[in-house]
Amino acid sequence: MPLVGGNRFLASTAVFLNEVAKLAICLTVSLYDISRNAPPSAPATSLFKTLYNSVFTQDSWKLAIPASLYTLQNTLQYVAVSNLDAATLQVTYQLKILTTALFSVTLLHRSLTARKWVSLVLLTLGVAIVQLPDGSNPADSPPVDSPRPELRIPHSIDDLFEMGGLLAAHLTRRSATYEGIQEDQGLAHPQMNATVGLVAVIVACTISGLAGVYFEKVLKDSNANTSLWIRNVQLSFYSLFPAFFIGVVLKDGEQIAEKGFFMGYNYVVWTAIAFQALGGVVVSLCVNYADNIAKNFATSISIIISCLASVYFFDFKITFSFLIGGAMVMFATYLYSSPGRRQPPRNIASYEK
Ligand code: C5P
């Protein structure tokens, strides 16, 4: 990725701007919703007042919980990516499919049949196998003696995409993930600690399931009749604080004071921020109109589609493991969504009467 004036942008500023962008999108839609339901003569000030009152409701604090959880999840993903190789990370991170299902059962009291559990396990294995490197693609075989990434926030745009787990991430992932981290490792730390990485990824998976299901619970349980857009405004609002104080001020404050907030920004960085913000909105729509488990199916299928797109865009070669994993994902999706075998009527005679 091109550097602007020899400087890379700081991920903390991008994460903060991503929340600002998501907040702006959701505030705009909320205001539009409010204006549609208001009398035509209502002054703008009353619209803003209604907006303010709906955002800062008595239960708005509930969104501070997933906001903090998502911040912790992002931080742990950075720890994981700095201590595990890309393939191990991609494979282990799929455990979030199972943690999400577990939290859906325990927190939302959803019941999953044995058939659905089998399909979820198949999905987890399938999407993990899809991402197994087999050496045929350039990014699958990083140089053996290349420096290991040090424990810090990755700087490349590809890392940012990967952290978000968006479709766009997967379009660029194979060609750049490993190099993206290693490329600017002038100060590389030679040690990666796999135990730290694995613990980080397992905790991140647990938090991914918990935060997603908690957000779904707030959306669907709420008596307050608060719209999805207002809930998203609340989530982004509470995410701004850790993103700003922990990321921008504490972590990168010194560098920002020296080189400026927008150091290294170019149109690619702005596009990534826009994708991240839109991706978050899409995730919330998916959770609202379907659920977190369906969202995980959707992201798994998006990985397959984006790998297929990479054949065209990045010379990605279809491998045997890709075919096997892809088939497992498709079969798991079919198994999960198809109705189970109907129970035969217990007493046929009772129908004949
Ligand atoms: O890896 P996982 O599927 O848990 O990631 C979900 C992503 O969606 C997180 O990056 C989170 O910030 C984002 N999200 C969002 N708005 C929501 C729910 C999730 O931006 N309402």
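For clarity, every value in this text was computed on a predicted model and none was experimentally measured.

Conventions adopted
Residues numbered from 1 in each chain as written. Predicted model: local features only at pLDDT ≥ 70, side-chain atom pairs only at ≥ 80, totals over all residues. Heavy atoms only, no water. UniProt positions renumbered as here; feature names shortened; annotations may be inferred. Helix = DSSP H or I, 4+ residues; strand = E, 2+ residues; numbered from the N terminus. Phe/Tyr/Trp six-rings, centres within 6.5 Å; stacked < 30°, edge-to-face > 60°. Buried < 20%, exposed > 50% of the residue type's maximum accessible area, 1.4 Å probe, protein only. Near = heavy atom within 4 Å. Polar contact = N/O pair within 3.5 Å; in protein donor to acceptor, adjacent residues only side chain to side chain. Areas by Shrake-Rupley, 256 points an atom, 1.4 Å probe, with all protein chains shown as cover. Core = buried A, V, L, I, M, F, W, Y, C linked by side-chain atoms within 4.5 Å. Contact = heavy atoms within 4.5 Å.

### Quick look at the UniProt feature "transmembrane region" (unreviewed entry) in the protein
At step 1: Feature annotation in UniProt assigns "transmembrane region" (unreviewed entry) to the following positions: residues 194-216, 228-247, 267-290, 297-314 and 320-337.
At step 2: Along residues 194-216 the backbone is 100% helical and 0% strand, and the end-to-end C-alpha distance reaches 33 Å.
At step 3: Taken end to end, residues 320-337 is 100% helix and 0% strand, and its first and last C-alpha atoms sit 26 Å apart.

### Overview of the packing of aromatic side chains
At step 1: Tallied over the entire structure, the rule returns 17 aromatic pairs.
At step 2: Between F16 and F261, the aromatic rings sit 6.3 Å apart at their centres with planes inclined by 80 degrees, giving edge-to-face as the arrangement. One end of the pair, F16, is in helix α1 (residues 11-37); the other, F261, is in the loop between α11 (253-259) and α12 (267-289), with 245 residues separating them in the sequence.
At step 3: By relative accessible area, F16 is classed as buried at 16%.

### Side note on the site of the ligand
At step 1: In the vicinity of the ligand there are 13 residues, among which K22, Y93, S208, N232 and K295 approach most closely.
At step 2: Between the ligand and Q73, the relevant distance is 3.2 Å, taken from an oxygen atom to a side-chain nitrogen or oxygen of the residue.
At step 3: For the ligand, whose accessible area on its own is 470 Å², the fraction buried by protein is 90%.
At step 4: When residues of the shell around the ligand are traced back to their parent elements, those giving at least two are α3 (64-83), α9 (194-221), α10 (228-251) and α12.
At step 5: For the shell around the ligand, the leading source of residues is α12, giving 3 residues.

### Some words on the nonpolar core
At step 1: Counting residues in each nonpolar core, the largest one holds 23 residues, and the members touching the most others are F16, Y265 and I273.
At step 2: Among the secondary structure elements, those contributing two or more residues to this core are α1, α2 (44-55), α10 and α12.
At step 3: Beyond its immediate stretch of four places on either side in the chain, I273 contacts A14, L17, N18 and Y265.
At step 4: Core analysis: the next-biggest nonpolar cluster, separate from the first, contains 17 residues, I304, F316, V329 and Y336 among them.

### Thoughts on the environment of A44
At step 1: By secondary structure assignment, the location of A44 is in helix α2.
At step 2: Spatially, the C-alpha atoms of A44 and L31 are 10.0 Å apart, while their sequence positions differ by 13 residues.

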